[in-house]
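A closer look at the structure
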Amino acid sequence: MMRVVVIDSGGANIGSVLYALERLGVSATLSADPERIRAAERVILPGVGAAATAMARLRALDLVEVIRGLRQPLLGICLGMQLLYDSSEEGGTECLGLLPGRVSRLPGGTGLRIPHMGWNTLQIETDSMLLAGVASGAHAYFVHGYAAPVTADTLASCEYGSRFTAVCGRGNRFGAQFHPERSATTGARILENFIARGEARAVA
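What you see is a predicted model, and the numbers here were worked out from it, not measured in a lab.

**With respect to the packing of aromatic side chains**
Applying the stated rule across the entire model yields four aromatic pairs. Note on Trp119 and Tyr141: the rings are 5.6 Å apart at their centroids and 75° apart in plane angle, and the pair reads as edge-to-face. Of this pair, Trp119 sits in strand β8 (residues 116-121) while Tyr141 sits in strand β10 (residues 139-144), and the two are 22 residues apart along the sequence. Look at Tyr141 and you get buried, because its relative accessible area is 15%. Ring centres 5.8 Å apart and planes at 90° place the aromatic pair Phe142 and Phe164 in the edge-to-face group. Here Phe142, found in strand β10, pairs with Phe164, found in strand β13 (residues 163-170); they are 22 residues apart in sequence, far enough to count as distant. For the pair Phe142 and Phe164, one class covers both residues: buried.

**Some words on the sheet that holds strand β7 (residues 99-105)**
Pairing within the open sheet is mixed, and its four strands lie in the order β6-β5-β7-β11. Of all the strands in the sheet, the pair left with one neighbour each is β6 (93-94) and β11 (146-147). Bridge count for strand β5 (residues 85-88) against β7 is three bridges, and the pairing is parallel. Bridging across to β7, Tyr85 finds its partner in Leu99.

**Some thoughts on the sheet that holds strand β14 (residues 173-176)**
As a general point, the strands of a sheet are linked pairwise by backbone hydrogen bonds and lie either parallel or antiparallel. Spatial ordering of the open sheet is given by β2-β1-β3-β4-β14-β13-β12-β9, a layout of eight strands whose pairing is mixed. The strands lining the two open edges of the sheet, one partner per strand, are β2 (29-31) and β9 (123-124). Pairing of strand β4 (residues 74-77) with β14, which is carried by four bridges, proceeds in the parallel orientation. The residue of β14 that forms the bridge with Leu74 is Arg173.

**Points about the UniProt feature "active site" (unreviewed entry) in the protein**
UniProt records the feature "active site" (unreviewed entry) for Cys78, His179 and Glu181 in the present numbering. These annotated residues cover 104 residues of sequence, but their C-alpha atoms sit close together, with the largest distance between any two at 10.6 Å. Mapping Cys78 onto the fold places it in the loop between β4 and α5 (79-82). Owing to a relative accessible area of 5%, Cys78 belongs among the buried residues under this scheme. Beyond its immediate sequence surroundings of up to four residues, Cys78 is in contact with Gly47, Val143, Ala176, Gln177, Phe178 and His179. Among the structural elements, His179 can be located in the loop between β14 and α6 (184-196).

Cut-offs used in this document
- Residues numbered from 1 in each chain as written.
- Predicted model: local features only at pLDDT ≥ 70, side-chain atom pairs only at ≥ 80, totals over all residues.
- Heavy atoms only, no water.
- Phe/Tyr/Trp six-rings, centres within 6.5 Å; stacked < 30°, edge-to-face > 60°.
- Helix = DSSP H or I, 4+ residues; strand = E, 2+ residues; numbered from the N terminus.
- Buried < 20%, exposed > 50% of the residue type's maximum accessible area, 1.4 Å probe, protein only.
- Pairing = 2+ DSSP bridges.
- UniProt positions renumbered as here; feature names shortened; annotations may be inferred.
- Contact = heavy atoms within 4.5 Å.

Below is the structure:
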């Protein structure tokens, strides 16, 4: 059985992530133990709340360098995805630096409330094993006020006042800005792909 660890980052979405994996037949371990995390075949970093608080918890648990050093597939969810980038405008926070870029507050606009909360559509930008079986126009459930820019690491984008990265990937590092555990068949497929494949680019 594949060893999957969900990092105990303190986020309120941890229980629903574990349950979503259980529905896929995956028995994941919730842990903040560095050795268990290093020994896992797949690692998931969930998160909700503020970037500064989340990074402070990871530092207190001595997990920052552990996460930076992972060579197996790593998936950040919601705030966990934002933490993969260099920094966040939220509190001027230095993040994990696994992906280049700075997370910024969503600009909003006429009739657009911040945080962005609810269903929105994905635009596929790059072929990826993570998004196999997910087409442009697929719906995902978002809850966030900050977002990563669209870069070369963007696998799928979304529009809410401006375009932002909804799914990212580089090498063994992935992120989903939305909540796959609350995104019905779209989210289930992405989690399934991550567990089964864990490679950023599609094989020609």
